[in-house]
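The residues making up each chain are set out below.
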Amino acid sequence: MEITTMSRKVNISVDNLPDTLRGQIHGVESAIDNESLALFTDNKDVRISIENAAHGLRAYSNTFNHYDLWGRFVRSGHKKLPLEEAPKKTIITRKISEKIDGILYDGELKITPAVVSTRKDGEDVEYLVWPSDREEKVERALIRLASKGKIVKINFKSGIQYAVVFSMNELAQELKTVGQSMPYPQIKESLEALQGSKLSFKYSATDTKNTNIDDSFYESNMNFLSSLHFSGKKGQGGNVKCVACLNAFVHNMIDNLEYKGYYFNSAQELKRGLSRWMMLRLYHLWRYAAPGKTYHFRLLSIMEKYGSIYSTDNITENKLKALRRDMTTTMKDLIEKGAISEYSITNVKDDKTGNIIDYTYEMHPSDQFCDEILTLNKHNKRIEIQGGKRIVENAVLIDEDKLVEIVDK
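Residues numbered from 1 in each chain as written. Predicted model: local features only at pLDDT ≥ 70, side-chain atom pairs only at ≥ 80, totals over all residues. Heavy atoms only, no water.

This part is about the overall build of the protein chain. The helix and strand inventory of the protein chain stands at 11 helices and 19 strands. For the protein chain, the proportion of its 409 residues judged to be buried stands at 48%. Pairs at least 24 apart in sequence give 69% of the contacts found in the protein chain among residues at least 6 apart. For the protein chain, the accessible surface area stands at approximately 20,300 Å², while carbon and sulfur atoms represent 46% of it. (Helix = DSSP H or I, 4+ residues; strand = E, 2+ residues; numbered from the N terminus. Buried < 20%, exposed > 50% of the residue type's maximum accessible area, 1.4 Å probe, protein only. Contact = heavy atoms within 4.5 Å. Areas by Shrake-Rupley, 256 points an atom, 1.4 Å probe, with all protein chains shown as cover.)

Our focus in this paragraph is the nonpolar core. Counting residues in hydrophobic clusters, the biggest one holds 94 residues, and the most contacted among them are Leu334 and Met363. With seven residues, helix 7 (residues 273-285) is the largest single contributor of residues to this core. Counting contributing residues per domain, this core is built from domain 1 (1-268) and domain 2 (270-408), each supplying no fewer than three. Ignoring sequence-local partners within four residues, the contact set of methionine 363 consists of Met278, Leu282, Trp286, Lys293, Thr294, Tyr295, Phe297, Met331, Leu334, Ile340, Glu342 and Tyr343. (Core = buried A, V, L, I, M, F, W, Y, C linked by side-chain atoms within 4.5 Å. Domains from an automatic or database assignment.)

Below, the discussion takes up the sheet that holds strand 17 (residues 295-298). The sheet built from three strands is open, its strands ordered 17-19-18 with antiparallel pairing. Of all strands in the sheet, those with a lone pairing partner are strand 17 and strand 18 (340-349), marking the two edges. Each neighbouring strand pair of the sheet contributes to a mean axis angle of 20 degrees, computed without reference to strand direction. Pairing between strand 17 and strand 19 (residues 356-365): four bridges, direction antiparallel. Residue pairing in the sheet places histidine 296 in a bridge with glutamate 362 of strand 19. (Pairing = 2+ DSSP bridges. Axes fitted to C-alpha atoms, helices over the stretch in contact; angles between N-to-C directions.)

With that settled, the discussion passes to the side chain of glutamate 372. Along the chain, glutamate 372 falls in helix 10 (residues 367-387). Taking the relative accessible area as the measure of exposure, glutamate 372 reaches 1% and is therefore buried.

Predicted confidence across the protein chain gives a mean pLDDT of 86, with 86% of residues reaching 70 or more. Note that pLDDT drops below 50 for residues 1-9; the model gives that stretch 35 contacts with residues more than four away or on any other chain. (pLDDT = per-residue confidence, 0-100.)

Time to look at helix 7. For helix 7, which comprises 13 residues, the first-to-last C-alpha distance of 18 Å matches the rise-based estimate of 18 Å (1.5 Å per residue) to within 8%. Listed in full, the buried residues belonging to helix 7 are Gly273, Leu274, Ser275, Arg276, Trp277, Met278, Met279, Leu280, Arg281, Leu282, Tyr283 and His284. (Expected span 1.5 Å × (residues − 1).)

It is worth spelling out helix 2 (residues 133-147) at this point. For helix 2, spanning 15 residues, the distance from its first C-alpha to its last is 21 Å, which sits close to the expected 21 Å at 1.5 Å a residue. Burial runs high along helix 2: 13 of the 15 residues are buried. Looking one or two residues past helix 2, glycine 149 carries a phi angle of roughly 120 degrees, positive in sign.

Attention now moves to the pattern of salt bridges. Opposite charge on two side chains makes pairing possible when the charged atoms of those side chains draw close. For the structure on display, the rule yields 22 salt bridges. We note a salt bridge from arginine 72 to glutamate 139, for which the minimum N-O separation is 2.9 Å. Here glutamate 139 lies in helix 2 and arginine 72 lies in the loop between strand 4 (60-64) and strand 5 (80-82), a separation of 67 residues in the sequence. On the basis of relative accessible area, glutamate 139 is assigned to the buried category, the value being 9%. (Salt bridge = Lys/Arg side-chain N within 4 Å of Asp/Glu carboxyl O.)

Within the open sheet, the four strands sit side by side as 6-7-12-13. Their pairing is antiparallel. Taken across any chain shown, the strands that pair with only one partner, and hence form the sheet edges, are strand 6 (92-100) and strand 13 (216-223). Geometrically, the sheet is characterised by an average inter-axis angle of 15 degrees between neighbouring strands, direction not taken into account. Judged from the nine bridges that link them, strand 6 and strand 7 (residues 103-112) form a sheet pairing that is antiparallel. Bridge pairing links isoleucine 96 to glycine 107 in strand 7.

All right, on to empty space enclosed by the protein then. Applying the stated criterion across every chain yields a total of five cavities of 30 Å³ or more. What the largest cavity holds in volume is close to 120 Å³. In terms of lining, the largest cavity is formed by 15 residues, of which the most central are Phe64, Tyr67, Glu139, Ile143 and Val250. Counting residues per element, the ones that place at least two in the lining of the largest cavity are strand 4 and helix 2. Looking at the lining of the largest cavity element by element, the count peaks at four residues for helix 2. For the lining of the largest cavity, the per-class residue count stands at nine nonpolar, two polar and four charged. In this structure, the second largest cavity encloses a volume near 60 Å³. Lining the second largest cavity, in full, are Glu136, Lys137, Arg140, Gln268, Gly273, Arg276, Trp277 and Leu280. Counting residues per element, the ones that place at least two in the lining of the second largest cavity are helix 2 and helix 7. The dominant element in the lining of the second largest cavity, judged by the number of residues it contributes, is helix 7, at four residues. Partitioned by chemical class, the residues of the lining of the second largest cavity number two nonpolar, two polar and four charged. (1 Å grid on protein atoms, 1.4 Å probe; cavity = no way out; pocket = protein on both sides within 12 Å on 5 of 7 lines; lining within 4 Å. Points joined across faces, edges and corners; volume = space filled by probe spheres on them. Nonpolar A, V, L, I, M, F, W, Y, C, P; charged D, E, K, R; others polar.)

Have a look at this one:
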């Protein structure tokens, strides 16, 4: 079985597939054959020209609408523990609160750690692994590979799944390009942690633009990755082939065009987890960035969304100062990266005591970031038109010249 994806070839031999996959597949479609995947991997028009960006061309990837903004990763506390040292409470609960494109998402999610076996002193030792910054890096690189065309639709006997098909070396290379090099055992453990960690959520979705529409309610349980399969020969190392099946939630978001493009290198090259997360958030939410427009947020609210604190935490004066120091460093990172030109901070005081209890940040976009957002918005509009999500009135047939005209409006 040979699968061709965009300009790359992914060769899958039935004989070379892991035993867990053999005999279960009815057929496979590449990004060339499948419309949803063709749109997801369409990135030919989102490169910023060298004339408009002194730093050169950037790598393109996709981010999923509200899914990537939820606090799905563990920022503090336990990240890896021997099984015998497991705390009484292993499930982490986070609040969901995001407003995207007029839809308010409100609820909670729970993160259950994976059990991963590792060789230590000649013996297999079992660990509890919570998905943390390391797993977030690997997941971002995995979606980057998918966005480049390394994604297929597999028709299993049990149902259809989208899967990323790659080698360990390809994933390691994506991490290396943004300064996140990891040895193969760590990458493999991260993938296993993503597959073994469970994500459960329940939330309501309220259309704030149309009060006549009833709220929708959702509740699901799934793994970060639906399943994970390896094949190869002993000693292959980076040549080991991997098939990582995406979960049903991500699958549906691809089908429904519920994703947006961003520049992978710009976000992932940043050294600090908070800075990377903030950059991705700006790409995702600041879709109207333009000279003169600003973006506001409250410090405690954003840190709760990131996962550094919980709504039930008692925020002392020293803790508030520490959070502000973290955000100051991130603001400097964003200025140095060229995302914002400047920012300001306003104290939020308690009406009774007069003590500072929070801070409001106001960010100003750089000209460079405004140009990037404009390019990404045009590309997103074109994808929506091609996918039928955006209706173009009085147009029966759209040729290439007409499409360019529509996108440039």
